[in-house]
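# Structural characterization, general
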Amino acid sequence: MQLKENLHLTYCTNIHPGQDWKSTFESIKKYVPGIKQEVSKEQPFGLGLRLSNKASEELDLGDNLSDFKKWLSDNNLYVFTMNGFPYGNFHDERVKDMVHAPDWTTDDRLKYTERLFRQLSELIPEGMNGGISTSPITYKYWHKTDSETKNAFEVGAKNMLEVAKQLFEIEQTTETYLHLDIEPEPDGLLENSDEVLLFYSDYLVPLGIAYFKQELGLDPDAAEALIKKYITVCYDVCHFALAYEEPTDTFTKFKTNNIRVGKIQVSAALKILFNGTDDERIWEELSQFNEPTYLHQVTEKVSGKVKTYSDLPLVLESERNHKELRAHYHVPIFLEKYGKLFSTQDHILKTIDYIKSNPISEHLEIETYTWDVLPADLKEYLSISIIREIEWFKSHM
C-alpha cells in the first residue's frame, strides 16, 4: 500500500509455503485478498513477492504470467518488490546455511535473478520502481582460505555487474527503474555497513569500471554512477541490529558514499539481557526458540567488536556469562518483550523516525517469516498476525 507519495509498504510472501508456482499462487489467493481488505480496503495493495527458482521457472510457462497479472488487476493488487534471497524451498524442511545456495559464485544464482527481474519488469505498474533483495554473495564459512574468499568476492561482483547491465537495458527499453538490493546478514560474506562499503570500493566499482568501459563505452565516473544506481542495499532492520549498528549511523554512512538503500525490510531480532537474577529463567525461555529449520546466528558485542556464534544451539549448550546477546530469529515486530526476553523493536522505531524526514528508500517490506516455528503462545491465525504487524507499523508512521 502507498503510505504517502512514493512510499510503499507490504509484507513478504516468503511467510507462505510455495515450492512451485501452483502452491505459491494458491497461498497468495488464500491469504492476500483478506489481508488487503483489512489494511488497504480502498487503496491498491502492493505485494512483496517471493518465488522459488522452480516457481519462477513455472511462472513463465503457458499463460501463467498473464493469468497472474489479470488476477492482480482484478483484486487491486500490484507487485513492486521481490525476495530473491532463498532459491529453493523455504518451509517444512531444514534450510539453515543452505539459504545461500546456490550463491553468487554460480551461474544458477545469476540466471535465477535475471529471470526474476524480467518477470518483475512485466508485473510492476508503469511509473513505479522495483527491487529484488538477494544474498550477501555467499555464506562465509563455505570459503576456507583468503584466496577462496577473494575469489568469491570477485566472481560474485562480476555476476552482479551482469545484472546491473540487464537493469540498465530494461530501463533503456521500458523506462522502468529496477535495482538489485544486497542484504547483509550475520555470517554472510557481507555482514555490516563497513563490509558493504569495502565490497563497492574494492570489487564492484573497479571491476565495474573495466566491465562497463568494454560493454557500454562508459568513462569511470559514468560507470560508477551506473553501478551504484542499479546495485543497492537491502537494509534489514533485524540484521543491522545484530551488527549493533544504529540506523542513523548506517544510513549516514551509505549516503556519504552514494550507496542507495533499495529496500528496508522491517524485522525484529531477539534481544537477551542478562541481569544476574533471572538468568536461569532467561536461558529456559531462550531455549524455546531453538528450532531446526532456519539458521539463528547469535551476536554479542565484546570490547567494541561484534562476535558471532553461527547458530543458537552453540550458545545454549555453553550458557556462559553474557551481558547481552542478540539472536537472528525474526519475532513479531509488534512485540517489545516476550516473558524475560526482549526484541530489537527499538531499532525499528529508530528507523521509522529517520525515514519520516529522510526519504532514504521507497520500499518497506515487513519480513517476519518464522510464524510456523515460533513458540506456541506466540502463534495466531497467520492472516491475523500479518494484519497486526502492518497496522502496528502504520500506527507508528
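Use the structure listed above.
The notes below deal with the structure included here. (Residues numbered from 1 in each chain as written. Predicted model: local features only at pLDDT ≥ 70, side-chain atom pairs only at ≥ 80, totals over all residues. Heavy atoms only, no water.)

## Quick look at the overall build of the chain
The helix and strand tally for the chain stands at 13 helices and 15 strands. By the compact-globule yardstick of 21 Å for 397 residues, the chain fits well, its C-alpha radius of gyration being 20 Å. By its C-alpha atoms, the chain is 65 × 50 × 40 Å across when sized along the principal axes. A burial count over the chain gives 58% of its 397 residues as buried. Contacts in the chain between residues at least 24 apart in sequence constitute 80% of all its contacts with a sequence separation of at least 6. For the chain, the exposed area adds up to about 16,500 Å²; of that, 46% sits on carbon and sulfur atoms. Charge centroids of the chain, computed over 43 positive and 65 negative side chains, lie 2 Å from each other. (Helix = DSSP H or I, 4+ residues; strand = E, 2+ residues; numbered from the N terminus. Rg over C-alpha atoms; globule rule 2.2 N^0.38 Å. Buried < 20%, exposed > 50% of the residue type's maximum accessible area, 1.4 Å probe, protein only. Contact = heavy atoms within 4.5 Å. Areas by Shrake-Rupley, 256 points an atom, 1.4 Å probe, with all protein chains shown as cover. Lys, Arg positive; Asp, Glu negative; His and termini not counted. Charge placed at Lys NZ, Arg CZ, Asp CG, Glu CD.)

## What about the packing of helix α6 (residues 193–216) against helix α7 (residues 220–230)?
In contact at an axis separation of 8 Å, α6 and α7 are set at 115° when each is read in the N-to-C sense. Where α6 crosses over α7, the handedness of that crossing is right-handed. Where α6 approaches α7, its residues Tyr200, Leu204, Val205, Gly208, Ile209, Phe212 and Leu216 are matched on the opposing element by Pro220, Ala223, Glu224, Leu226, Ile227 and Lys228. Of the residues contributing to the contact of α6 with α7, the split by class is ten nonpolar, one polar and two charged. (Axes fitted to C-alpha atoms, helices over the stretch in contact; angles between N-to-C directions. Left-handed = near helix turned anticlockwise from the far one by under 90°. Nonpolar A, V, L, I, M, F, W, Y, C, P; charged D, E, K, R; others polar.)

## Things to note about the sheet that holds strand β4 (residues 77–83)
The sheet built from nine strands is open, its strands ordered β1-β2-β15-β8-β7-β6-β5-β4-β3 with mixed pairing. Bordering the open sheet on either side are β1 (2–4) and β3 (45–50), each of which pairs with just one other strand. Strand-to-strand, the axes of this sheet are offset by a mean angle of 30°, without reference to chain direction. Contacting β6 (178–182) and β7 (231–236), α6 runs over the sheet at an angle of about 165° to β7. (Pairing = 2+ DSSP bridges.)

## Here we look at the pairing of strand β12 (residues 324–331)
Regular strands show a simple pattern: their side chains alternate between the two faces of the sheet. Of all eight residues in β12, seven are buried; the element is thus mostly enclosed. Sheet analysis places strand β9 (residues 268–273) next to β12, joined by five bridges and oriented antiparallel. Considered in β12, the bridge of alanine 268 is made with valine 331. Where strand β10 (residues 298–302) lies against β12, two bridges are found, and the strand directions are antiparallel. By the bridge assignment for β12, threonine 299 is matched with arginine 326.

## Describing unusual backbone geometry
Glycine aside, the phi torsion of most residues is negative, and most peptide linkages are trans. The amide bond that connects alanine 101 to the next residue, proline 102, takes the cis arrangement and shows omega of -15°. A positive phi angle, near 70°, is found at aspartate 187, a position not held by glycine. Among the secondary structure elements, aspartate 187 is positioned in the loop between β6 and α6.

## Considerations on the nonpolar core
Counting 117 residues, the largest nonpolar core has Tyr11, Phe68, Phe199, Phe289, Ile390 and Phe393 as the members making the most contacts within it. Considering each element in turn, this core owes the most residues, nine residues, to helix α5 (residues 146–174). Beyond its immediate sequence surroundings of up to four residues, phenylalanine 68 is in contact with Trp21, Phe25, Leu49, Leu59, Val79 and Leu123. (Core = buried A, V, L, I, M, F, W, Y, C linked by side-chain atoms within 4.5 Å.)

## A short note on α5
With 29 residues, α5 extends 42 Å from end C-alpha to end C-alpha; this agrees with the ideal 42 Å at 1.5 Å per step. After α5 finishes, the residue glutamate 175 shows a positive phi value of roughly 65°. (Expected span 1.5 Å × (residues − 1).)

## Details of the packing of aromatic side chains
Evaluation of the coordinates by the stated rule reveals 23 aromatic pairs. Geometrically, the ring pair formed by phenylalanine 153 and phenylalanine 199 is tilted, given 5.9 Å between the ring centres and 35° between the ring planes. Here phenylalanine 153, found in helix α5, pairs with phenylalanine 199, found in helix α6; they are 46 residues apart in sequence, far enough to count as distant. Relative accessible area serves as the criterion here: at 14%, phenylalanine 153 is assigned to the buried category. Judged by centre distance (4.5 Å) and plane angle (45°), the ring pair of tyrosine 235 and phenylalanine 251 falls under tilted. Taken together, the residues tyrosine 235 in strand β7 and phenylalanine 251 in helix α9 (residues 247–256) connect sequence positions 16 residues apart. (Phe/Tyr/Trp six-rings, centres within 6.5 Å; stacked < 30°, edge-to-face > 60°.)

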